[in-house]
Amino acid sequence: MQATVGDRIVIRGHRVGEPDRDCKILEVHGQDGGPPYVVQWEDSEHESLFFPGSDASVVHYEKSSG
Amino acid sequence: MRTIDGVRRSGVGIAPDRTITEAAKIMEVAAVGSLAVVDGEELVGIVTDRDLVRRGLAARLSPEARVDSVMSTPVVTIDAAADLHGAFTLFRTHAVRRVAVVRDGRFVGMITIDDLLIDLAADLADLARPVTAEVLFGHHDAPVPAVG
């Protein structure tokens, strides 16, 4: 996985009825945009280290133009 | 199969000087039952939801107690490139439910008994299907060719 600050990571739920989880990347600690990342979890102020697995996908942040 | 290929879930980490309350909140929002305790780049322990209950809540620790006061250490680890069956041996010999996966000594994920059981159950179901089908629907013999 490659990501930059501002990107979001979506983690799919593992159980029936379990919602997907979402977090925002605050820091990139790996080389060339690789993990681990410091993330802030959706709808909370809590931050943690994150080591993405096969259940995670990155949504790249796009700056608005103009 | 390599161990890293058997890891189904992303890993979540926390610094050792964070509080057990923060650890609990992170487990809740991240929907995980354990956190890798990482000091800089070094894996120094694992804290589980069970650790928070038994060593934190039951021991009447302050909600501000540090994570490293309740974590399990040393950590049982396996290299990401090692054969997955090596993890089976670690689960048996160490009587743990989770093993930390490392690459070049750094934490990259967690492999759990639950994940392995789910994969094994799927494989067993695939093997059982033709057997149950034979019991339920009978054996289909190829027609015997006519002779003469």
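Relevant structure appears above.
Just so it is clear, the structure is predicted and the values come from calculations on it, not from any experiment. (Residues numbered from 1 in each chain as written. Chains lettered and ligands numbered in written order. Predicted model: local features only at pLDDT ≥ 70, side-chain atom pairs only at ≥ 80, totals over all residues.)

Description of the overall build of chain B
- Secondary structure summary: chain B contains four helices and six strands in total.
- From first element to last, N terminus to C terminus, chain B shows the α and β order β-α-β-β-α-β-α-β-β-α.
- Relative to the globule expectation of 15 Å for 148 residues, the C-alpha radius of gyration of chain B, 22 Å, shows a markedly less compact shape.
- With respect to the three principal axes, the spread of C-alpha positions in chain B is 90 × 35 × 30 Å. (Helix = DSSP H or I, 4+ residues; strand = E, 2+ residues; numbered from the N terminus. Rg over C-alpha atoms; globule rule 2.2 N^0.38 Å.)

Re the sheet that holds strand β3 (residues 37-41) of chain A
- Ordered in space as β5(A)-β1(A)-β2(A)-β3(A)-β4(A)-β1(B)-β2(B)-β3(B), the eight strands form an open sheet in which the pairing is mixed. Only two strands of the sheet have a single partner each, and these edge strands are β5 (56-59) of chain A together with β3 (42-48) of chain B. Mean inter-strand twist for the sheet, computed between neighbouring axes without regard to direction, equals 40°.
- Where strand β2 (residues 21-28) of chain A meets β3 of chain A, five bridges bridge the pair, whose relative direction is antiparallel. Bridged to glutamate 27 of chain A within β3 of chain A is valine 38 of chain A. (Pairing = 2+ DSSP bridges. Axes fitted to C-alpha atoms, helices over the stretch in contact; angles between N-to-C directions.)

A short note on the nonpolar core
Residue and element names in this part refer to chain B.
- In this structure, Ala23, Leu35, Ala36, Val37, Val47, Ala100 and Val101 are the most contacted members of the largest nonpolar core, which totals 43 residues.
- Among the elements that take part in this core, helix α1 (residues 20-30) stands out by supplying five residues, more than any other.
- Those residues in contact with alanine 36, other than ones at most four positions away along the chain, are Gly11, Gly13, Leu43, Ile46, Ala100, Phe107 and Met110. (Core = buried A, V, L, I, M, F, W, Y, C linked by C-beta atoms within 7 Å. Buried ≥ 20, exposed ≤ 12 C-beta atoms within 10 Å, placed from the backbone. Contact = placed C-beta atoms within 7 Å.)

Things to note about the environment of alanine 128 of chain B
All names here are of chain B.
- Looking at the secondary structure, you find alanine 128 in helix α4 (residues 113-137).
- By C-beta crowding, alanine 128 is classed as exposed, having 10 other C-beta atoms within 10 Å.
- Distance from alanine 128 to arginine 54, taken between C-alpha atoms, is 40 Å for residues 74 residues apart in sequence.

Comments concerning the sheet that holds strand β5 (residues 98-103) of chain B
Residue and element names in this part refer to chain B.
- Taken together, the three strands give an open sheet; going across it, the order is β4-β5-β6, and neighbouring strands pair in mixed fashion. Because the sheet does not close on itself, it has two edges, and the strands there are β4 (77-79) and β6 (106-112). Strand-to-strand twist across the sheet, computed as the mean angle between neighbouring axes with direction ignored, equals 35°.

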